Number of protein chains: 2
Amino acid sequence: MPAYKAPLREIRFILYELLKAETLSNTVPAYADATPDVIDAILEEAGKFCENELQPLNHSGDEEGCHFDNGAVTTPKGFKEAYAKFVEGGWPGLPCDPDYGGQGLPKLINFAVEEMICSANLSFGMYPGLSNGNYNAIHAHGDEAQKALYLPKLVTGEWSGTMCLTEPQCGTDLGLCKTRAEANADGSYNLFGTKIFISAGEHDLTENIIHLVLARLPDAPAGIRGISLFVCPKFLPTADGGVGARNKVACGSTEKKMGIKASSTCVINFDGAQAWLVGRPHKGMSAMFTMMNTARLAVGMQGLGIAEAAYQGAVTYAKDRLQMRSVAGAKFPEKPADPIIVHPDVRRMLLKMRALTEASRALSYWMGMELDIAAHHPDPERRAAADDLVALLTPVVKAFLTDHGFDAANLGVQVFGGHGYIREWGMEQLVRDARITQIYEGTNGIQALDLVGRKLGTGVGRLARRFFHPVSEYIETASEKPALQEFVLPTAKAFAKLQQATAWLAQAGMADPEEAGAAATDYLRLFALTALAYMWCRMAEIALDKQGGEEAAFYEAKLAAARFFMARLLPETNSLFTMLTAGKATLMALPAEAF
Amino acid sequence: MPAYKAPLREIRFILYELLKAETLSNTVPAYADATPDVIDAILEEAGKFCENELQPLNHSGDEEGCHFDNGAVTTPKGFKEAYAKFVEGGWPGLPCDPDYGGQGLPKLINFAVEEMICSANLSFGMYPGLSNGNYNAIHAHGDEAQKALYLPKLVTGEWSGTMCLTEPQCGTDLGLCKTRAEANADGSYNLFGTKIFISAGEHDLTENIIHLVLARLPDAPAGIRGISLFVCPKFLPTADGGVGARNKVACGSTEKKMGIKASSTCVINFDGAQAWLVGRPHKGMSAMFTMMNTARLAVGMQGLGIAEAAYQGAVTYAKDRLQMRSVAGAKFPEKPADPIIVHPDVRRMLLKMRALTEASRALSYWMGMELDIAAHHPDPERRAAADDLVALLTPVVKAFLTDHGFDAANLGVQVFGGHGYIREWGMEQLVRDARITQIYEGTNGIQALDLVGRKLGTGVGRLARRFFHPVSEYIETASEKPALQEFVLPTAKAFAKLQQATAWLAQAGMADPEEAGAAATDYLRLFALTALAYMWCRMAEIALDKQGGEEAAFYEAKLAAARFFMARLLPETNSLFTMLTAGKATLMALPAEAF
């Protein structure tokens, strides 16, 4: 297995030098305690935990997988112990509400922790990840009694949570959901139905599992407007917060998957399981989306985590593996061959991984910080702006970072050559694990539709302006600095294409929604690459300022990656623009039966 | 598992309508028997065999994998029986020399058969595939006695063959090979060393396995010029062609891999195994390359096969799966939702798979036919031209078709959504199986270096002209036909970029070979997309001629795919051109220790 070293220096660069995370503790009272020394201590501890506890279980967890036996799921060897340590360390409560026992730390910090967990062991990360989504939904939509009952246990990690959405006949289209709720006299409901693909639906890590379930009330209108959200615990809680009688909810089987094999993926049967309505009747979808948006960003962090792990593995191998001589003449004549990192095509792969990973980290952490601002900034105007920006960029972060995670994992395999294909080297697992991130929490195609069909149009382009305005202003200011020209000029070109494409979409998509659908995926990628270019400009600016000082090599590397990005990656935006503005005609011409 | 239907109509379109394969039987005496009715009968039989015998074993073979026990490898259930039927049907000898019992049919036909085998069961295809490579090498470089001894058994398929190149310390760089040969008094040698990643190195399908092994003679110069080729059978053949004493060659273990799990991948130990020199001393590399070039095209066909299988699976699912309504209004109001094929983004994925698969088939089959011409055309000039063209396009076919195979498999998974990630649906297996094709027989990065570093320069651009001239002429003629403009114009633009890039490479790469290395991968893709555009022009021309006649829908679909290709895929060439001509600077700036 490739070793993993938590990239703390990279993370601190984004937190303090790019995002000025210390302003959170200075200007947002809720985060007054999140000073840099506190943050640093947390990140260091998290890094150690990921390196020493989680990463060593990644390969063995993949090889062993979860075991299903008569309704019970056993996680692979070592997972139970690692989870116990995770709970002991207080990690589940890191970003949670202090009113329920949480540490109330910024989500930004949790993003960094999530990245590291996913680099080390994506399967493990699924369990607390789902719990956190579940926590968020109950926190936002549960009544006081529900919050008091469930949140403290989710915060400690004694109990875990799930999100039960998918059914055999519905994934993307939850309006087709058939699971139904029958009212009991005491105000509770009984659920009947089958949910599939339920991550962490059953396992041996916690004493109780709290399912959040989409289902229909008896009087529910058809379709998406008739879905309600229910909380349905595996064991009914006792009055004192203990674990009572077993509820009529059971795991029918687990899925055999391509990857994340140590994460249990369950069929969950509700056979009259007792459940309670969360939020208002028929408003389950919007409640679910509260959770989903955070979850989508979290899946983006999974992509980032995999990309970082793949890069680290590939770099180590590329420095070690001796094969052929540099075409510019032997670099290590005393060795039987040169390390493959001398070859331009190997560097192309490594730099692609690196330049996209670093800018992806910048973009996603920025969203993490905006989430915190949206939640707790004293200025309502500032909160609203942050909320808009996060809403706009959530699909971009989810789709682009997971596509990149998968691509980076594949580049990692390619750098390893034949050894990349062999399981014991650990690189192919990253590919298999990463592949699901492009699918779940809304496929990346759905993310693109969310961006063009929902986010762009909101408030007559208000969301888009939250991004376009600062970028526009930045380009104007920065282009006056000669040293920045080499970064700002290509970024300005890409940004112009993005603006043109946005205008094209507004017009064409308004007239014909199929045009928006036809353009969506290419548009999202154009958007993402432009956003990353903006990130690279800002990172390069910092690096230019610190050139020649302490850590000169660190900042030189930033400039090198920025230059590579501008020259060899950003030009993709040109093709994307041409492709998407070509319109829907060639996609829609062929009748379905001719496929 | 997705069902597989041999795409015989598509194959016939390429063979007869595009390539005029009947000219082979008319103008090349060696192929006089390969008339269209003979070819059709063979393809139909092959299609049935793949559909009924091989495809049903694909998923079970993946789940079960090969078993290793004390030096013996057992293939998954059903493989032995399927291989026996394969032998019984005479398939191994299809393209082989009649002097050794082969059927002497065109390689073109074998390409089509290989495509179908790889769609149905890539793992199975590995066994006869390796044997065929082994056959080719012995046929080209063995002496008469060796040919008489081994070829008839390889032709019937009673014996199988391997290619033993890789060692732990050398894959791409075979000059580092350490396996050594000690001379015996009788003219034979004893081999000592360990080879890894040996496909079909040990198995239970045949009574004997013939290893071709790269090793060093005692007086060998260091490096790549000191490698010789040896033939080393598992069992020493008896004088009457039977199986004699066990040789000192043994399988030490098998690899656990990401995919092609039913193909055995072995560590093979040579502990003084008796072997015989094939060809001249120290000339093993060039002998190996004879085989390697055919093998690289065959790997390209594996990519094509996977892409076709993924497309078929995805289309079936996209027509069946009901989810959401068309944004243009419900298409099937009587159903609970519309099939997902109504959605533009799903069509984008399907059309990308299809447009690249069909043009890839055209390009690779064209090379198959040129191989036949190179081998047996009466006109030596024509043979030389064909040989050049195949040499030029072999790395393009290998790299592009395998990249496409992998991408198509991933698009297939994406169309399936969550179900694509579940093993029982069979789509994720295609991803895992396809992944190796980008690596073995020379990674795709090595293919790109072969193209820019070797093929472009050969004969002062003679090879390149074999492709550029006919394309140039075609564009000139075709652009006079108004109906073809929509295809020829974008192709001409891409071709101009390719020519410019080639000129740039010739100049920059001459001055600095690292420039060629830095541009190679993007250049190969630019080359491939331009070649596919040329194929689409020619296919569209045929389709235009037959519009409105019989099979109108078939030809309309060709035009639709061609239009999609031009509008939504070919523009990638613009970005590739910009990226590759950006030069090596940003790739080489970062010192190795800064990675």
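Keep in mind that what you see is a predicted model, and the values were worked out from it rather than measured.

The next subject is the overall build of chain A. Of regular secondary structure, chain A possesses 18 helices and 11 strands. In terms of principal-axis extent, the alpha carbons of chain A reach across some 80 × 60 × 60 Å. When the 595 residues of chain A are sorted by exposure, 64% land in the buried category. Excluding contacts between residues fewer than 6 apart, the proportion of contacts in chain A whose partners are at least 24 apart in sequence is 74%. Accessible area for chain A stands at about 20,100 Å²; split by element, carbon and sulfur atoms hold 54% of it. For chain A, the distance from the average position of its 56 positive side-chain charges to the average position of its 68 negative side-chain charges is 4 Å.

Right, let's get into the packing of aromatic side chains. The relation between two aromatic rings is expressed through the spacing of the ring centres and the mutual angle of the planes. One pass over the structure, following the stated rule, counts 43 aromatic pairs over all chains. With 5.9 Å between their ring centres and 75° between their planes, F416(B) and W425(B) make a pair best called edge-to-face. In this structure, K335(A) packs its charged tip against the face of F332(A), placed 4.9 Å from the ring centre. The residue whose ring lies beneath R454(A) is F289(A), and the NZ or CZ to ring-centre distance is 5.7 Å.

The first and last C-alpha atoms of helix α6 (residues 107–141) of chain A sit only 19 Å apart over 35 residues, clearly below the 51 Å expected at 1.5 Å per residue. The sharpest bend along α6(A) measures roughly 130° and falls at N121(A).

All right, on to the UniProt feature "domain: Acyl-CoA oxidase/dehydrogenase middle" (unreviewed entry) in chain A then. UniProt records the feature "domain: Acyl-CoA oxidase/dehydrogenase middle" (unreviewed entry) at residues 163–271 of chain A, using the numbering of this structure. In this annotation, residues 163–271 of chain A is assigned 0% helix and 47% strand; the end-to-end C-alpha distance for the span is 17 Å.

All names here are of chain B. Look at helix α15 (residues 513–546): 48 Å from first C-alpha to last across 34 residues, which is about the 50 Å you get at 1.5 Å a residue. The sharpest bend along α15 comes to roughly 55°, located at A520. Counting buried residues along α15, 30 of its 34 residues qualify, which places the element largely inside the surrounding structure. Immediately downstream of α15, the backbone of G548 shows phi near 80°, a positive value.

Overlay of chain B on chain A (RMSD 0.0 Å): rotation 180°, translation along the axis 0.0 Å. On the angle and the small slide along the axis, the relation comes out as a two-fold axis. No C-alpha of chain B lies nearer the rotation axis than that of S575(B), which sits 2.9 Å from it. A symmetric contact is evident, with 100% of the interface residues of chain B recurring at the interface of chain A.

Once that is clear, we can look at the domain arrangement of chain A. Size of an interface: often given as the accessible area lost when the parts come together. Taken domain by domain, chain A consists of domain 1 (8–145), domain 2 (160–284) and domain 3 (451–587). One C-alpha centre belongs to domain 2 of chain A, the other to domain 3 of chain A, and the line joining them spans 41 Å.

What follows covers the packing of helix α1 (residues 8–18) of chain A against helix α16 (residues 552–569) of chain A. The axes of two packed helices give the description: the angle between them and the distance between them. Residues and elements named next belong to chain A. The contact between α1 and α16 brings their axes to 13 Å, and the two run at 80°. Between α1 and α16, the crossing angle belongs to the class labelled roughly perpendicular. Contacts from R9, E10, F13 and E17 in α1 reach F554, Y555 and K558 in α16. Residue composition of the contact of α1 with α16, grouped by class: 3 nonpolar, no polar and 4 charged.

In this complex, chain B contributes 92 residues to the contact, which on the side of chain A involves 92 residues. Counting the surface lost from both chain B and chain A, the interface buries some 7,700 Å², and carbon and sulfur atoms represent 61% of this. Across the chain B-chain A interface, the total number found is 2 salt bridges. Linking chain B with chain A are 51 residue pairs in polar contact (both at pLDDT 80 or more), by the criterion used here. When the residues that make up the side of chain B that touches chain A are grouped by side-chain class, the tally is 47 nonpolar, 22 polar and 23 charged.

Residues and elements named next belong to chain B. Within the secondary structure, P378 sits in the loop between α9 (344–376) and α10 (380–416). The exposure class assigned to P378 is partly exposed, which follows from its relative accessible area of 48%. Put simply, P378 and C118 are 260 residues apart on the chain and 32 Å apart in space, counted from C-alpha to C-alpha. When sequence neighbours within four positions are dropped, the list of residues in contact with P378 reads T27, V28, P29 and R383.

Before going further, it helps to spend a moment on the environment of K493(B). All names here are of chain B. Its location among the elements puts K493 in helix α14 (residues 485–511). According to the relative accessible area criterion, K493 is exposed, its value standing at 61%. Between the C-alpha atoms of K493 and F192, which are 301 residues apart in sequence, the distance is 55 Å.

Reading the values: the criteria
Residues numbered from 1 in each chain as written. Chains lettered and ligands numbered in written order. Predicted model: local features only at pLDDT ≥ 70, side-chain atom pairs only at ≥ 80, totals over all residues. Heavy atoms only, no water. Helix = DSSP H or I, 4+ residues; strand = E, 2+ residues; numbered from the N terminus. Buried < 20%, exposed > 50% of the residue type's maximum accessible area, 1.4 Å probe, protein only. Contact = heavy atoms within 4.5 Å. Areas by Shrake-Rupley, 256 points an atom, 1.4 Å probe, with all protein chains shown as cover. Lys, Arg positive; Asp, Glu negative; His and termini not counted. Charge placed at Lys NZ, Arg CZ, Asp CG, Glu CD. Phe/Tyr/Trp six-rings, centres within 6.5 Å; stacked < 30°, edge-to-face > 60°. Lys NZ or Arg CZ within 6 Å of the ring centre and 35° of its normal. Expected span 1.5 Å × (residues − 1). Bend = angle between axes of the 7 residues up to and from the residue. UniProt positions renumbered as here; feature names shortened; annotations may be inferred. Least-squares fit on C-alpha atoms with pLDDT ≥ 70 in both. Domains from an automatic or database assignment. Axes fitted to C-alpha atoms, helices over the stretch in contact; angles between N-to-C directions. Parallel < 35°, antiparallel > 145°, perpendicular 65-115°, else oblique. Nonpolar A, V, L, I, M, F, W, Y, C, P; charged D, E, K, R; others polar. Buried area = accessible area lost by both parts, 1.4 Å probe. Salt bridge = Lys/Arg side-chain N within 4 Å of Asp/Glu carboxyl O. Polar contact = N/O pair within 3.5 Å; in protein donor to acceptor, adjacent residues only side chain to side chain.

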